[in-house]
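Architecture at a glance
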Amino acid sequence: MTAPLLEVDSLALSFGGIDALTDVSLSVPQGALVSIIGPNGAGKTSLLNCISGRYRSKRGRIRFAGHDLTRLSPSARAAHGISRTFQNLALFSHLSVIDNILIGRHRRFSPNVLLDGLFWGPSRRREVEAREEVEAIIDLLELQPLRHQIAGTLAYGQQKKIELARALAMQPQLLLLDEPMAGMTLTEKEDMAKYIVYLNRTAGITIVMIEHDMRVIMDLSEDITVLSFGKVIARGTPDEVMADPQVQRSYLGDPQMFDSIAEGRAQ
Amino acid sequence: MSSGEFIVRHEQALRLFPTKWGRVRIAVAVALVLAFPIFANSYQLGLANLIFINIVAVLGLNVITGFTGQISIGHGAFLGVGAYASAYLVSVVGVPFLLAVPAAGLVAAVVGSFFGIPSVRLKGLYLAIATLAAQFILEFVFKGWTSVTGGTSGMSAGAPHIFGYEIHGDLPFYWILLAAAALALLFVRNLTRTATGRALMAVRDHDLAAEIMGISLFRTKVLAFAIGSFLAGVAGALWGHYVGYVTPEQFGLGLSISLLVMVIVGGLGSVLGSVLGAIFVTLIPEALTTGATMLVPDASRLTDMLAFLREGLFGALIIVTLIVEPAGLAARWERIKMYWSLYPFAR
Ligand SMILES: Nc1ncnc2c1ncn2[C@@H]1O[C@H](COP(=O)(O)OP(=O)(O)OP(=O)(O)O)[C@@H](O)[C@H]1O
Ligand SMILES: [Mg+2]
């Protein structure tokens, strides 16, 4: 068996007195689509932030493709091929959609101020290349009509899609998605699910996804990790996780939810 | 106006002026600027020269404040660094003018990057204070480092020569300053359509997301200060040689503030705005003086009063402009263009 692509080993993170994460471990094999679920405030986003370098964990290690990332800055982690989207929109709101996506590609530009200022030789060539590449992403995610719009002026669901496009422009090995479908309409959700499946199964990108919509999770993911109050309380296939009494207890707010989903899956 | 044109190739989209009408407008502007010395008297040439210098300086400040979102209240002092450096290189060391000016830009870039380092940790008001400190420290050096700068009485900028010919007077400087402004415009415009400029704007719009996309905040912010103060240094160097001397008063807080006014009135993060802002802030006070002298018969007896009125009116005009068009003159221009491209359907 080969080593997993991403290995998170007993992370701990706290804010003031609150323990956002305690002893959280996660192992993501190459090519997997791993989901993280849990009630609000469980620490899901915090875990993603630790992986992408936004937060520094108090304890624990993060290994990725044979490298120890624990001490690296976010931009250095990006250079290793980790890309992500955000739960709350984080687009470059004054820039056009195409510029937003081009920035996602930044780590493969290594720009030179002088060449860029003169728009000469390699600089010009790289820009044309980059546009060709970005157009492929625009085609894939069906963003053609939005290309020249200012990102901040678009509808919520569209902005979420552009975040995905920007993350893809990096050509990541690992893609972290923080609630990619939150706030979307049903059709938008279906499209998003389609893209995620394509990216994982066809394009072969390893994905770690946080999502609240249990139906989506159950349909897309074979491997689920459940967080509650900063701790991993369960791990396994959708059916295993749903059957877990501790998981059912942590979702007390909606006791019928798992039954109805289980019924749906049985049919 | 620009409708009905289709962009079908990437090279086309990446053009400096992607639409035909854009190119026509630029051609007209270039023709006017080239023909200007034929009609203009020496006073008008002098004003044009000041505008060119201001355009270079304002572009620099726009790179720092408009494109990267890092406020700087020390920009005037960065011009001073360039002015002193170039004056020293030409008049004391004997470096040729055409080498001394970019070298002075580099000196200012080094000094500016150093004072830009706090921007990595400080934001908003705190960064404003830090750059204000840079202004005062540099002014102190201009006044105190007498052996190099000549102290409060300043120094001669030396006679600039190009290929053995001495450059002197408004007309030769018109061409030199025009070339400098054109190069600076081209440079900054090119940055905005390439990866370097996108990184600057990404840091402005969302620094955390930019970092996650692989953009180093430290490198990018310091780079912004380096580019911006390079342009400031070049502007200062040219100004020094143009007026012939360099004194600390030229590069005080007042200059920094008026450069900020040009950037904001013209439009933050807009290349065209830098031009409009530089023209507006340079010309309006002159227009007010001219207007006043035409209205008041015996102006010479009222000089103090007029100066006071002029400053007051100028301030009021800036406030009105900002209320009417908070996004700057460039935004208004975009709206006018939009109106005509949709005419007669626009409202
Ligand atoms: N920057 C921060 N400063 C202080 N506390 C924080 C910070 N980020 C997260 N927390 C706290 O850490 C805990 C976990 O938050 P986190 O955002 O990771 O939850 P989540 O599982 O993503 O929740 P949600 O489903 O609402 O997005 C919460 O108690 C939260 O208040
Ligand atoms: Mg969250």
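Residues numbered from 1 in each chain as written. Chains lettered and ligands numbered in written order. Predicted model: local features only at pLDDT ≥ 70, side-chain atom pairs only at ≥ 80, totals over all residues. Heavy atoms only, no water.

Quick look at helix α3 (residues 42-67) of chain B
Residues and elements named next belong to chain B. Its 26 residues give α3 an end-to-end C-alpha distance of 35 Å, which sits within 8% of 38 Å, the value for a rise of 1.5 Å per residue. Roughly 35° is the biggest bend found in α3, and it falls at Leu61. Across the 26 residues that make up α3, a large majority, 22, are buried. Capping the start of α3 is the job of one residue whose side-chain oxygen sits 3.1 Å from the backbone nitrogen of Tyr43: Asn41. (Helix = DSSP H or I, 4+ residues; strand = E, 2+ residues; numbered from the N terminus. Expected span 1.5 Å × (residues − 1). Bend = angle between axes of the 7 residues up to and from the residue. Buried < 20%, exposed > 50% of the residue type's maximum accessible area, 1.4 Å probe, protein only. Polar contact = N/O pair within 3.5 Å; in protein donor to acceptor, adjacent residues only side chain to side chain.)

Thoughts on the coordination of the magnesium ion (ligand 2)
Residues and elements named next belong to chain A. Around the magnesium ion (ligand 2), the protein contributes the donor atoms Thr45 (OG1) and Gln87 (OE1), which lie 1.9 to 2.1 Å from the metal centre. Here Thr45, found in helix α1 (residues 44-52), pairs with Gln87, found in the loop between β6 (82-84) and α3 (97-104); they are 42 residues apart in sequence, far enough to count as distant. Residue Gln87 is classed as partly exposed on the basis of its relative accessible area, which comes to 28%. (Donors = N, O, S within 2.8 Å, 3.2 Å for Na, K, Ca; no water.)

Focus: the sheet that holds strand β5 (residues 67-68) of chain A
All names here are of chain A. Sheet architecture is open: four strands sit in the order β2-β1-β4-β5, paired in antiparallel fashion. The open sheet terminates on both sides in strands that have one partner only, identified here as β2 (18-28) and β5. Sheet strands in contact with α1 are β1 (6-15), β2 and β4 (59-64), and its direction is about 115° off that of β1. (Pairing = 2+ DSSP bridges. Contact = heavy atoms within 4.5 Å. Axes fitted to C-alpha atoms, helices over the stretch in contact; angles between N-to-C directions.)

A few points about the interface of chain B and chain A
Counting from both sides, the interface comprises 30 residues of chain B and, opposite them, 36 residues of chain A. Summed over both sides, the interface of chain B with chain A buries roughly 3000 Å², with 70% coming from carbon and sulfur. Summed over the three residues of chain B that lose the most area to chain A, namely Arg198, Ile212 and Met213 of chain B, the buried surface amounts to 26% of that side. Counting every contact that joins chain B to chain A gives one salt bridge. Residue Arg198 of chain B pairs with Glu127 of chain A through a salt bridge whose shortest N-O separation is 3.1 Å. Inspection of the region where chain B meets chain A yields seven residue pairs in polar contact (both at pLDDT 80 or more). (Buried area = accessible area lost by both parts, 1.4 Å probe. Salt bridge = Lys/Arg side-chain N within 4 Å of Asp/Glu carboxyl O.)

Section: unusual backbone geometry
Residue and element names in this part refer to chain A. The residue Ala65 is not glycine, and still its phi comes out positive at about 45°. Residue Ala65 is classed as partly exposed on the basis of its relative accessible area of 36%. Here Phe119, not a glycine, exhibits a phi torsion of approximately 50°, which is positive. If you trace the backbone, Phe119 turns up in the loop between α4 (113-118) and α5 (122-140). Since its relative accessible area comes to 6%, Phe119 is described here as buried.

Section: the pattern of salt bridges
Residue and element names in this part refer to chain A. Applying the stated criterion to the full structure yields eleven salt bridges over all chains. Lys189 is the partner of Asp213 in a salt bridge, and the nearest nitrogen-oxygen pair spans 3.1 Å. With a gap of 24 residues between them, Asp213 in the loop between β8 (206-210) and α8 (214-220) and Lys189 in helix α7 (residues 186-202) connect regions that are remote in the sequence. Take Lys189: its relative accessible area is 21%, and that puts it in the partly exposed class.

A look at the site of ligand 1
All names here are of chain A. In the vicinity of ligand 1 there are 13 residues, among which Gly41, Lys44, Thr45, Ser46 and Gln87 approach most closely. Gly43 is positioned with one of its backbone polar atoms (N or O) 3.0 Å from an oxygen atom of ligand 1. Within the side chain of Lys44, an N or O atom sits 2.8 Å from an oxygen atom of ligand 1. When ligand 1 sits alone it has 630 Å² of accessible area, and the protein chains cover 66% of it. It is α1 that contributes the most residues to the shell around ligand 1, three residues altogether. (Near = heavy atom within 4 Å. Areas by Shrake-Rupley, 256 points an atom, 1.4 Å probe, with all protein chains shown as cover.)

Remarks on the sheet that holds strand β3 (residues 33-37) of chain A
Residues and elements named next belong to chain A. With mixed pairing, six strands are arranged side by side in an open sheet as β6-β7-β8-β3-β9-β10. If you trace the sheet from one side to the other, it starts and ends with β6 and β10 (231-236), each paired once. Neighbour to neighbour, the strand axes of the sheet diverge by 20° on average, direction disregarded. Here five bridges tie strand β9 (residues 223-228) to β10, and the two strands are oriented antiparallel to one another. Residue pairing for β10: Ile224 is matched across the bridge by Gly236. Lying over the sheet, helix α6 (residues 156-169) contacts β6 and β7 (174-178), oriented at roughly 165° with respect to β7. Packing of α7 onto the sheet brings it into contact with β3, β7 and β8, and relative to β8 it is tilted by some 150°.

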